[in-house]
Amino acid sequence: MPREPSKQSVFIPKGTVIITIQGSIGRVAITQYDAYIDRTLLLFEKFLQPIKEIFFAYSIQLLFEIERQKAPGGIIKTITKEVLSDFTIRLPCVEEQQEIADCLTSLDELITLQSQKIKALKQHKKGLMQQLFPSLDEVSK
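Residues numbered from 1 in each chain as written. Predicted model: local features only at pLDDT ≥ 70, side-chain atom pairs only at ≥ 80, totals over all residues. Heavy atoms only, no water.

A.B. asks: What exactly am I supposed to notice about the overall build of the protein here?
C.D. replies: If you tally the helices and strands in the protein, you get four helices and five strands. In the protein, the succession of helices and strands from N to C terminus is β-β-β-β-β-α-α-α-α. The contacts of the protein with a sequence gap of at least 6 include a subset with a gap of at least 24, amounting to 60%. For the protein, the exposed surface amounts to about 11,200 Å²; the carbon and sulfur share of it is 57%. (Helix = DSSP H or I, 4+ residues; strand = E, 2+ residues; numbered from the N terminus. Contact = heavy atoms within 4.5 Å. Areas by Shrake-Rupley, 256 points an atom, 1.4 Å probe, with all protein chains shown as cover.)

Below you can see the structure in the form of structure tokens.
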């Protein structure tokens, strides 16, 4: 049985851009389904100009990466509303936004694939190293 949303949460529809603004600031996602989220997340549901959400997500993520380096705070860093209001995103036409987003998404997929290959190669190397240098238990058998 689904739990009731807490009073600290807010409903967002599928396709909403959400961003963490405390702790690990600048993590960007686009919701894949309707959900309730914590109010400490920044959300973008509507835009004043036509925009592809995926293009906006990539753009805002870059701005957050830059700002994260300068963010005040000790262990838990925070981005203030003042800083957010200074963010500027240049918007090409919607078709170009989609082309840029498609290109960046393709690169992300390639990076993920290569990371998986590296992980598999490291596991293979580990197996080979274990065969080269067996444990004392294996040697004594």
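Still to come is the rest of the account.
A.B. asks: Which parts of the structure should I look at to understand the sheet that holds strand S2 (residues 17-20)?
C.D. replies: Here we have three strands laid out as an open sheet, ordered S3-S2-S5, and antiparallel in their pairing. Each end of this open sheet is capped by a strand with a single partner; those strands are strand S3 (28-30) and strand S5 (41-44). Each adjacent strand pair in this sheet contributes to an overall mean axis angle of 25 degrees, direction not counted. Inspection of the sheet shows S2 paired to S3 by three bridges, in the antiparallel sense. When the sheet's bridge partners are listed, Ile-18 is paired in S3 with Ala-29. (Pairing = 2+ DSSP bridges. Axes fitted to C-alpha atoms, helices over the stretch in contact; angles between N-to-C directions.)

A.B. asks: Is there a simple way to explain the packing of aromatic side chains in this structure?
C.D. replies: How two aromatic rings sit relative to each other is given by the distance of their centres and the angle of their planes. Taken as a whole and assessed by the stated rule, the structure comprises five aromatic pairs. Centroid distance Phe-44 to Phe-56: 4.8 Å. Interplanar angle 65 degrees. Geometry classified as edge-to-face. Separated by twelve residues along the polypeptide, Phe-44 in strand S5 and Phe-56 in helix H1 (residues 53-68) bring together distant segments of the chain. With relative accessibility at 23%, the residue Phe-44 sits in the partly exposed group. Phe-56 sits in the buried class, given a relative accessible area of 6%. Arranged with centres 4.9 Å apart and planes meeting at 65 degrees, the rings of Phe-47 and Phe-56 form a pair that is edge-to-face. Members of the aromatic cluster, joined through ring pairs, are Phe-44, Phe-47 and Phe-56. (Phe/Tyr/Trp six-rings, centres within 6.5 Å; stacked < 30°, edge-to-face > 60°. Buried < 20%, exposed > 50% of the residue type's maximum accessible area, 1.4 Å probe, protein only.)

Don't take any of this as a statement about function, it's just geometry.
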